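Chain by chain, the residues run as shown.
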Amino acid sequence: MKFLTNGVVAMGFLAIGSASLAAQPLQKLGKGEGRVDIVAWAGYIERGATDKKFDWVTGFEKASGCKVNVKTAGTSDEMVALMNEGGFDLVTASGDATTRLIRGKKVQPINVGLIPSYKNIDPRLQKAPWHFEGNTHYGVPYQWGWNVLMYNTKVFGDKKPTSWSVVFEEQTLPDGKSNKGRVQAFDGPIYIADAALYLMKKNPALGIKDPYELNEAQYKAALELLRGQRKLVGKYWHDAFVQIDDFTNEGVVASGSWQFQANILGSKKVPVATVVPTEGATGWADSTMMHADAKNPNCAYMWLEHSLNPKLQGDLSAWFGSVPAVPAACKGNALLGDTGCDRQGYKDFERISFWKTPTSMCKTQNNQCVPYHKWVSDFIAILGGR
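As a starting point, this report considers the structure included with it. (Residues numbered from 1 in each chain as written. Predicted model: local features only at pLDDT ≥ 70, side-chain atom pairs only at ≥ 80, totals over all residues. Heavy atoms only, no water.)

1. Considering the pairing of strand β10 (residues 183-186)
Thinking step 1. Burial along β10 is two-sided: Val 183 and Ala 185 facing one way and Gln 184 and Phe 186 facing the other are all buried.
Thinking step 2. Summarising the sheet, β10 and strand β11 (residues 233-237) pair through four bridges and their orientation is parallel. Each residue of the ladder has a partner; that of Phe 186, found in β11, is Trp 237.
Thinking step 3. Judged from the two bridges that link them, β10 and strand β12 (residues 254-257) form a sheet pairing that is parallel. Paired with Val 183 across the two strands is Ala 254, which belongs to β12. (Buried < 20%, exposed > 50% of the residue type's maximum accessible area, 1.4 Å probe, protein only. Helix = DSSP H or I, 4+ residues; strand = E, 2+ residues; numbered from the N terminus. Pairing = 2+ DSSP bridges.)

What follows is the structure, given as structure tokens:
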């Protein structure tokens, strides 16, 4: 036995990255360091504090001896900033953060030979481009889903919204009142893609083929749409629990959201429902990635294996309204039910425009796309009314 530079124990040698598992000798982890520090989306790592039925931390801590410490983040930009600061072992990163983390060398290659359950991951995700780059694994798929339109059923009655226009354009809602000041939008530069997705159907002459790959003219059209929306939005959201309160107490009646918020609101008897409008939806596919300087790599690898447990995957899917990365989780889970995965989009993978980091080098617009740093500065300007 010997210790590798990252603190992981191996028998023989430890192959890093995506080398063939068949070529690797028996591998195992050393003793856990006693803790693992994770940056995660709200609701992603539960220990039963909100609902005792949802707890996939307590058992892990007892079995592994690794105490789980979680720092929640509300946006991908916040996650990138926290990983840049350091002090964390893992992050549950969406596709609009993963590329930046990989190319910024803030995350390390993942040795899937130390994660026996990796083979059980949905084949559509095992080598997805947002975490598999340069023939190397940099993340372990966790959950995925789409950004749904959540609306108040008392306001809309039997005329449920069918288009994202309800949050992008001023209009009278079925209750006879304007939507102005009663709708929300996501507080993050990646939301520009939601505007672009809407414009793909509303104005096909723009020639948008991918909402994350926009040339100057397409990008300008998306910004103009968002500037108009700014006059309608009462408040932008990025904290799921704040949005839950806004729908409960602040008169918000429609917004892009996650199924997670709708599930919580539904459990509190707040009259909301969700729909995927005719224009489709953006979405997220999250991968757990390990910091390049992780201080607790053994506990981190233990968590990565634990994260793929079908019971955890199914419980999390039921809790968050997402789709498991492990298809076996879709059956036999009492909390999710055998129709839960289909209800939450399992068969609609190809319809979702998954978050990714916009770059200037883009296939659909002859490598003349507006890069993400421009999205950031311009979105900030829109929030400021400019």
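Moving on, there is more to tell.
2. Looking at empty space enclosed by the protein
Thinking step 1. Per the counting criterion, the structure on display carries four cavities of 30 Å³ or more.
Thinking step 2. For the largest cavity, the full set of lining residues is Asn 147, Trp 164, Ala 185, Phe 186, Tyr 191, Asp 194, Trp 237, Ser 255, Gly 256, Ser 257, Trp 258 and Trp 355.
Thinking step 3. Those elements that provide at least two residues to the lining of the largest cavity are β10 and β12.
Thinking step 4. For the lining of the largest cavity, the element with the most residues is β12, which contributes three residues.
Thinking step 5. Residue composition of the lining of the largest cavity, grouped by class: seven nonpolar, four polar and one charged. (1 Å grid on protein atoms, 1.4 Å probe; cavity = no way out; pocket = protein on both sides within 12 Å on 5 of 7 lines; lining within 4 Å. Points joined across faces, edges and corners; volume = space filled by probe spheres on them. Nonpolar A, V, L, I, M, F, W, Y, C, P; charged D, E, K, R; others polar.)

3. Quick look at helix α8 (residues 216-230)
Thinking step 1. Here α8 is 15 residues long and its end C-alpha atoms lie 21 Å apart, about the 21 Å a rise of 1.5 Å per residue gives.
Thinking step 2. All of the buried residues along α8 are Gln 218, Tyr 219, Ala 222, Leu 223, Leu 225, Leu 226 and Gln 229. With its buried residues spanning 160 degrees around the axis, α8 presents them on a single face. Exposed and facing more than 90 degrees away from the buried side of α8 are Glu 216, Ala 217 and Lys 220.
Thinking step 3. For α8, the elements touching its buried residues are α6 (165-168), β10, α7 (192-202), β11 and α14 (372-383).
Thinking step 4. The N-cap of α8, judged by a side-chain oxygen 3.2 Å from the amide nitrogen of Ala 217 a few residues on, is Asn 215. (Expected span 1.5 Å × (residues − 1). Arc of directions from axis to C-beta. Contact = heavy atoms within 4.5 Å. Polar contact = N/O pair within 3.5 Å; in protein donor to acceptor, adjacent residues only side chain to side chain.)

4. Examining α7
Residues that lie three or four places apart on an α-helix share one face, since the helix turns once every 3.6 residues.
Thinking step 1. Counting buried positions along α7 gives eight out of eleven residues, so the element sits mostly inside the fold.
Thinking step 2. Those residues of α7 hidden inside the fold are in contact with α6, α8, β14 (281-290), β16 (352-354) and α14.

5. Some points on the layout of surface pockets
Thinking step 1. In this structure, the largest pocket spans a volume of roughly 660 Å³.
Thinking step 2. Lining the largest pocket are 23 residues; nearest its centre among them are Pro 129, Asp 210, Glu 213, Lys 356 and Thr 357.
Thinking step 3. Those elements giving two or more residues to the lining of the largest pocket turn out to be α3 (95-103) and β16.
Thinking step 4. The element best represented in the lining of the largest pocket is β16, accounting for three residues.
Thinking step 5. Its residues assigned to classes, the lining of the largest pocket shows eleven nonpolar, four polar and eight charged.
Thinking step 6. Computed from the structure, the second largest pocket encloses a volume of approximately 250 Å³.
Thinking step 7. In terms of lining, the second largest pocket is formed by 15 residues, of which the most central are Gln 259, Thr 274, Gly 321, Arg 343 and Gln 344.
Thinking step 8. Within the residue set of the lining of the second largest pocket, elements represented by two or more residues are β8 (140-146), α10 (259-267) and β13 (272-275).

6. A word on the environment of Asn 120
Thinking step 1. On the secondary structure map, Asn 120 appears in the loop between α3 and α4 (123-126).
Thinking step 2. The exposure class assigned to Asn 120 is partly exposed, which follows from its relative accessible area of 41%.
Thinking step 3. Residues Asn 120 and Pro 310, 190 residues apart in the sequence, show an inter-C-alpha distance of 9.3 Å.

7. Examining the pattern of salt bridges
Thinking step 1. Scanning the model with the defined rule gives 16 salt bridges in all.
Thinking step 2. Across the pair Lys 53 and Asp 51 runs a salt bridge, and its minimum N-O distance is 3.1 Å.
Thinking step 3. A salt bridge links Arg 103 to Glu 133; the nearest nitrogen and oxygen atoms lie 3.2 Å apart. Remark: Glu 133 occurs in strand β6 (residues 132-133) and Arg 103 occurs in helix α3; sequence separation between them is 30 residues.
Thinking step 4. For Arg 103, a relative accessible area of 56% corresponds to the exposed category. (Salt bridge = Lys/Arg side-chain N within 4 Å of Asp/Glu carboxyl O.)

8. Focus: unusual backbone geometry
Thinking step 1. We note that Lys 269 has phi near 65 degrees; this positive angle belongs to a residue other than glycine.
Thinking step 2. Tracing the sequence through the fold places Lys 269 in the loop between α10 and β13.
Thinking step 3. Under the relative-accessibility criterion, Lys 269 is labelled exposed at 72%.
Thinking step 4. Within the chain, Asn 367 stands out as a residue other than glycine whose phi angle is a positive 55 degrees.
Thinking step 5. Relative to the elements of secondary structure, Asn 367 occurs in the loop between β16 and α14.
Thinking step 6. Assessed through its relative accessible area of 40%, Asn 367 is described here as partly exposed.

9. Comments concerning the packing of α10 against helix α12 (residues 310-320)
Thinking step 1. Where α10 meets α12, the closest approach of the two axes is 7 Å, and the angle between their N-to-C directions is 75 degrees. Taken together, the axis directions place α10 and α12 in an arrangement best described as roughly perpendicular. Residues Gln 259, Phe 260, Asn 263 and Ile 264 of α10 pack against Ala 318, Trp 319 and Phe 320 of α12.
Thinking step 2. For the contact of α10 with α12, the residue count by class is five nonpolar, two polar and no charged. (Axes fitted to C-alpha atoms, helices over the stretch in contact; angles between N-to-C directions. Parallel < 35°, antiparallel > 145°, perpendicular 65-115°, else oblique.)

10. Some words on the packing of helix α9 (residues 240-249) against α10
Each packed pair of helices is defined by two parameters, the angle between the axes and the distance between the axes.
Thinking step 1. Contact pair α9 / α10: the axes reach a minimum separation of 10 Å and the direction vectors enclose 50 degrees. When the interaxial angle is binned, α9 and α10 end up oblique. α10 is crossed by α9, and the crossing has right-handed handedness. Side by side, α9 and α10 meet where Ala 240, Phe 241, Gln 243, Ile 244, Phe 247 and Thr 248 of the first sit next to Phe 260, Gln 261, Ile 264 and Leu 265 of the second.
Thinking step 2. In terms of residue class, the contact of α9 with α10 is built from seven nonpolar, three polar and no charged. (Left-handed = near helix turned anticlockwise from the far one by under 90°.)

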